[in-house]
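Summary of structural features
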Amino acid sequence: MDNQNLTNRYSTLASWVYHLDKPIGRSFGDIEFYSQRLQGISGKILEPATGNGRVLIPLLEQGFDISGFDASKEMLDYCKAEVQKRQLNPELAQERFEDFNLNSRYDAVILPAGSFQLITDVNIAIDVLKRFKAVLNEKGKLIIDLSPLSCLSEPTMMARSWKVKDGILTLTETREEVNFLTQTTTSQLRYEYWSNEGSLKSSELDYFSLRFWGIKEFELALKHAGFTAIKTYSNYELSSNIDSQTHTITFEAY
Ligand SMILES: C[S@@+](CC[C@H](N)C(=O)[O-])C[C@H]1O[C@@H](n2cnc3c(N)ncnc32)[C@H](O)[C@@H]1O
């Protein structure tokens, strides 16, 4: 089977699970942190890979002029429904990191939740950083979350479930490959939607691939793409140092 078409696609059941598991405003400390790092910005902000609007909507509600794009129509549909409920009207487009085409210029580009790691080819990732730079105003800033390299060696095999009105949604993740040369992992994600009577209503197979970056390596990539004044933060805290307890590294660059 060619996994490529099934990789990182956030299709029907995957988007449903994301929206149940990470609804609008569910924070890992990131929403407060990003809001704090964006204080003073009154111009436009872009969130590539907006998803269901988990972060975008709270930031909109705080008064930031934020717009987004995402490759997945299903994820964007959740976002559109949620903004409509709140009578908000951000610009939302179905675009991909690799070839997004936007006419506006932004004061900030933000990528919480490790979305940047979904780009598994290092050369494409660097091109994408250049594309972010190209849509930023001269003094604009980029804020990106990454998980540490140590995640490459963490075991994964997990099963989770969510109760829904007429049944149950399950997700089983099996690690298929860890490639230390390319610093990538690939997992098989099996989503199943069961009725209350125990019959399978639908299922979906996705592959989930991530690339993990060294800290210095990512700093060099940012510099290569033209960014300067690079700062790093640990676990969404302003004063913590990056150490063995760090589960999220946030890079901020101008
Ligand atoms: C982990 S979710 C993050 C959603 C949201 N930013 C948040 O913080 O909750 C990753 C998102 O990246 C999107 N995505 C995956 N590949 C993409 C690509 N090549 N271009 C743009 N978005 C992509 C997925 O559709 C998904 O909505």
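Rules of the game
- Residues numbered from 1 in each chain as written.
- Predicted model: local features only at pLDDT ≥ 70, side-chain atom pairs only at ≥ 80, totals over all residues.
- Heavy atoms only, no water.
- Helix = DSSP H or I, 4+ residues; strand = E, 2+ residues; numbered from the N terminus.
- Buried < 20%, exposed > 50% of the residue type's maximum accessible area, 1.4 Å probe, protein only.
- Contact = heavy atoms within 4.5 Å.
- Polar contact = N/O pair within 3.5 Å; in protein donor to acceptor, adjacent residues only side chain to side chain.
- Pairing = 2+ DSSP bridges.
- Axes fitted to C-alpha atoms, helices over the stretch in contact; angles between N-to-C directions.
- Near = heavy atom within 4 Å.
- Areas by Shrake-Rupley, 256 points an atom, 1.4 Å probe, with all protein chains shown as cover.
- Nonpolar A, V, L, I, M, F, W, Y, C, P; charged D, E, K, R; others polar.
- Core = buried A, V, L, I, M, F, W, Y, C linked by side-chain atoms within 4.5 Å.
- Expected span 1.5 Å × (residues − 1).
- Domains from an automatic or database assignment.
- Buried area = accessible area lost by both parts, 1.4 Å probe.
- Salt bridge = Lys/Arg side-chain N within 4 Å of Asp/Glu carboxyl O.

As recorded in an unreviewed UniProt entry, the chain goes by Methyltransferase domain-containing protein and comes from Myroides albus.

Turning next to unusual backbone geometry. In this model, Ala49 sits at a positive phi of 60 degrees, which is unusual for a non-glycine residue. Mapping Ala49 onto the fold places it in the loop between β1 (44-48) and α3 (56-61).

Summarising the element assignment, Arg86 is placed in the loop between α4 (73-85) and β3 (92-94). For Arg86, a relative accessible area of 29% gives the class partly exposed. Along the sequence, Arg86 and Glu61 sit 25 residues apart, while their C-alpha atoms lie 9.0 Å from each other. Each residue touching Arg86, except ones within four places of it in the same chain, is listed here: Ile24, Ile57 and Glu61. A polar side-chain atom of Arg86 sits 3.4 Å from a polar atom in the side chain of Glu61.

The next thing to look at is the sheet that holds strand β7 (residues 167-179). Spatial strand order, β6-β7-β8-β9: four strands in an open sheet with antiparallel pairing. Two strands in the sheet have a free side with no partner beyond their single neighbour: β6 (157-164) and β9 (200-211). The sheet shows a mean angle of 15 degrees between the axes of neighbouring strands, taken without regard to direction. Bridge count between strand β8 (residues 184-195) and β9: 11 bridges; the pairing is antiparallel. Bridge pairing in β9 places Thr184 opposite Arg211.

Time to look at the site of the ligand. Taken together, 21 residues lie near the ligand, and Tyr18, Glu47, Ala49, Arg54 and Asp70 sit nearest. Between the ligand and Ala49 there is a distance of 2.7 Å, counted from a nitrogen atom to a backbone nitrogen or oxygen. Between the ligand and Asp70, the relevant distance is 2.6 Å, taken from an oxygen atom to a side-chain nitrogen or oxygen of the residue. In isolation the ligand exposes 590 Å². Once the protein is present, 94% of that is buried. A breakdown of the residues in the shell around the ligand according to their chemical character gives 10 nonpolar, five polar and six charged.

The next point concerns the nonpolar core. Counting 30 residues, the largest nonpolar core has Phe116, Leu129, Phe132, Leu142 and Phe218 as the members making the most contacts within it. Among the elements of the structure, β4 (106-111), α5 (122-135), β5 (136-146), α6 (215-224) and β11 (249-253) are those that each provide at least two residues to this core. When residues of this core are assigned to their parent elements, the largest contribution, six residues, is made by α5. With near-sequence residues (within four places) excluded, Phe116 lies in contact with Leu111, Ala125, Val128, Leu129, Phe132, Ile144, Leu146, Trp213 and Phe218. Among the nonpolar cores identified, the runner-up in size contains 23 residues, and Ile41, Ile57, Ile66 and Tyr236 belong to it.

The next point concerns the sheet that holds β11. Here seven strands make up an open sheet; going across it, the order is β3-β2-β1-β4-β5-β11-β10 and the pairing mixed. The open sheet terminates on both sides in strands that have one partner only, identified here as β3 and β10 (231-234). Mean inter-strand twist for the sheet, computed between neighbouring axes without regard to direction, equals 20 degrees. Note: strand β2 (residues 65-70) against β3, three bridges, orientation parallel.

What follows deals with α4. Here α4 is 13 residues long and its end C-alpha atoms lie 18 Å apart, about the 18 Å a rise of 1.5 Å per residue gives. Against the buried residues of α4 lie α1 (12-21), α3, β2 and β3. Where α4 begins, one side-chain oxygen reaches toward the backbone nitrogen of Glu74, 3.3 Å away; that side chain belongs to Ser72. Count one or two residues on from α4 and you reach Gln87, which has phi positive near 55 degrees.

With that settled, the discussion passes to the domain arrangement of the chain. Entries for the chain in the domain assignment read domain 1 (3-147 + 212-253) and domain 2 (150-211). Once you take the C-alpha centre of each, domain 1 and domain 2 turn out to be 22 Å apart. Domain 1 puts 24 residues into the contact, and the matching count from domain 2 is 23 residues. For the pair domain 1 and domain 2, the summed buried area comes to about 2200 Å², and 61% of that belongs to carbon and sulfur atoms. A per-residue breakdown of the area domain 1 buries against domain 2 is headed by Leu13, Val17 and Phe212, which together make up 34% of the total. The closest approach of N and O atoms between Glu217 and Arg211, which form a salt bridge, is 3.1 Å. Here domain 1 and domain 2 share 14 residue pairs in polar contact (both at pLDDT 80 or more) between them. Top contributing element to the side of domain 1 that touches domain 2 by residue count: α1, with seven residues. Looking at side-chain class alone, the side of domain 1 that touches domain 2 contains 12 nonpolar, nine polar and three charged residues.

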